[in-house]
Amino acid sequence: MDQGAVRLTRTGRVAHIVFDRPEARNAMSAAMYEELGRICAALRADETLRVATLRGAGGKAFVAGGDIHEFQAFASGEDGVAYEARIEAVLAALEALPVPTVAVIDGWCVGGGLAIAACCDLRIGASTARFAVPVARTLGNCLSMQDHARLVAHFGVARTKRLLLLAEAIPAGEARDAGFLLDVVEPDDLDVRIAAITDRLAAHAPITMRVSKEAIRRLVAAAGIDGDDLIRGCYGSRDFGIGVEAFLAKRPAEWTGR
């Protein structure tokens, strides 16, 4: 199976990161997370860079979660703890980049994709954008504590519970009203809007923006609550195995509560 790719290009002082696996709605494989981590390390070392954008290929999804096939190899809750820790290391590197990051969201932004978008500083959505974390309906796994904190910071407690417990999708307009999206435009207008935003950011004081980003990151991360016990219990449950099997078989899961 194609593991996909994360591609990096450069236009002047702006870096462009593209999640390139459109046949799977840009679902992130382990190899793609590793490549994103390498790209973040390279960008962090580039003192000439001023802005970075992140976008999904194909126009139908930003990132539609992780690669569910990889969950088939999990044997215990410890596998879930290790998995979330590996992903968090990459997300933390993205979040800590010293330049502003702009997520360009066209279509579905789901699960791990929503976490990636939440790590960016600004987000522009097409009118077709939809945001969801449907694991209570589909897989029976959970988010890391850091991702819970990010969603609460962006959407508030009530909307985060709606995303996680009801497994509802939030449309672009509501995401803008919640403050998650800076703007919503028609798909054909995305490129022009993003160019205007990146040009504006590239003209601002880089040290001021770097310090502002880091101060806000530290405030959001200040709680630092450990949640490995929650992750271990969820990924180690019988229901998680049932959810993965049902998802890959394209049928509803029959949950046991165990």
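See above for the structure.
Residues numbered from 1 in each chain as written. Predicted model: local features only at pLDDT ≥ 70, side-chain atom pairs only at ≥ 80, totals over all residues. Heavy atoms only, no water.

Draft legend 1. Layout of the overall build of the protein chain. The helix and strand inventory of the protein chain stands at 9 helices and 10 strands. Relative to a compact globule of 258 residues, whose C-alpha radius of gyration would be 18 Å, the protein chain shows 18 Å and is just as compact. If one aligns the C-alpha atoms of the protein chain with their principal axes, the spans along those axes are about 55 × 40 × 35 Å. When the 258 residues of the protein chain are sorted by exposure, 47% land in the buried category. At a minimum sequence separation of 6, the contacts of the protein chain that also span at least 24 residues come to 70%. Split by element, the accessible area of the protein chain, about 12,400 Å² in all, is 56% carbon and sulfur. (Helix = DSSP H or I, 4+ residues; strand = E, 2+ residues; numbered from the N terminus. Rg over C-alpha atoms; globule rule 2.2 N^0.38 Å. Buried < 20%, exposed > 50% of the residue type's maximum accessible area, 1.4 Å probe, protein only. Contact = heavy atoms within 4.5 Å. Areas by Shrake-Rupley, 256 points an atom, 1.4 Å probe, with all protein chains shown as cover.)

Draft legend 2. Quick peek at the side chain of Thr138. With respect to the secondary-structure elements, Thr138 resides in the loop between strand S8 (130-132) and helix H4 (145-165). Classification of Thr138 by relative accessible area gives buried; the value is 18%. Side-chain polar atoms of Thr138 contact the backbone oxygen of Pro134, separated by 2.9 Å. The residues contacting Thr138, other than those within four sequence positions of it, are Gly243, Phe247 and Trp255. (Polar contact = N/O pair within 3.5 Å; in protein donor to acceptor, adjacent residues only side chain to side chain.)

Draft legend 3. Highlighting unusual backbone geometry. Despite not being glycine, Arg25 has its phi angle at roughly 50 degrees, a positive value. Tracing the sequence through the fold places Arg25 in the loop between strand S2 (14-20) and helix H1 (30-44). Overall, Arg25 belongs to the partly exposed group, its relative accessible area being 43%. You will see that Lys250, though not glycine, has its phi angle at about 60 degrees, which is positive. Exposure remark for Lys250: the relative accessible area of 80% places this residue in the exposed category.

Draft legend 4. Up close: the packing of helix H2 (residues 77-95) against helix H3 (residues 112-119). Between H2 and H3, whose axes approach to 8 Å, the crossing angle comes to 30 degrees. Considered as vectors, H2 and H3 are oriented roughly parallel to each other. Of H3, the residues touching H2 (which contributes Leu91, Leu94 and Glu95) are Ala115, Ile116 and Cys119. When its residues are assigned to classes, the contact of H2 with H3 shows 5 nonpolar, no polar and 1 charged. (Axes fitted to C-alpha atoms, helices over the stretch in contact; angles between N-to-C directions. Parallel < 35°, antiparallel > 145°, perpendicular 65-115°, else oblique. Nonpolar A, V, L, I, M, F, W, Y, C, P; charged D, E, K, R; others polar.)

Draft legend 5. Quick peek at the pattern of salt bridges. Under the defined criterion, the tally for this structure stands at 18 salt bridges. The closest approach of N and O atoms between Glu174 and Arg159, which form a salt bridge, is 2.9 Å. Of this pair, Glu174 sits in helix H5 (residues 172-177) while Arg159 sits in helix H4, placing them 15 residues apart in sequence. (Salt bridge = Lys/Arg side-chain N within 4 Å of Asp/Glu carboxyl O.)

Draft legend 6. Structural context of helix H9 (residues 238-249). Along its 12 residues, H9 runs 17 Å from first to last C-alpha, staying within 8% of the 16 Å computed at 1.5 Å per residue. Where H9 is concerned, the buried positions are Asp239, Phe240, Ile242, Gly243, Val244 and Ala246. Where H9 terminates, the next one or two residues include Lys250, which has phi positive at roughly 60 degrees. (Expected span 1.5 Å × (residues − 1).)

Draft legend 7. A look at the nonpolar core. Judged by nonpolar contacts, the single largest core of 58 residues is most densely connected at Phe19, Phe62 and Ile116. In terms of nonpolar packing, the next biggest core, distinct from the first, is built from 13 residues, Val14, Val102, Val104 and Ala202 among them. (Core = buried A, V, L, I, M, F, W, Y, C linked by side-chain atoms within 4.5 Å.)

Draft legend 8. Up close: H2. Given a rise of 1.5 Å per residue, 19 residues ought to cover 27 Å, and the 26 Å separating the end C-alpha atoms of H2 matches this to within 8%. Within H2 the residues assigned to the buried category are Gly77, Gly80, Val81, Tyr83, Glu84, Ile87, Glu88, Val90, Leu91, Leu94 and Glu95.

Draft legend 9. Here's a closer look at the packing of aromatic side chains. Throughout the structure, instances matching the rule amount to 12 aromatic pairs. Geometrically, the ring pair formed by Phe71 and Tyr83 is edge-to-face, given 5.1 Å between the ring centres and 75 degrees between the ring planes. Of this pair, Phe71 sits in the loop between strand S4 (61-64) and H2 while Tyr83 sits in helix H2, placing them 12 residues apart in sequence. Here Phe71 falls in the buried class, since its relative accessible area comes to 5%. Counting every residue linked through ring pairs, the aromatic cluster contains Phe71, Phe74, Tyr83, Tyr235 and Phe240. Geometry around Phe180 places Arg123 over its ring, the cationic atom sitting 4.3 Å from the centre. (Phe/Tyr/Trp six-rings, centres within 6.5 Å; stacked < 30°, edge-to-face > 60°. Lys NZ or Arg CZ within 6 Å of the ring centre and 35° of its normal.)

Geometry only, nothing functional implied.
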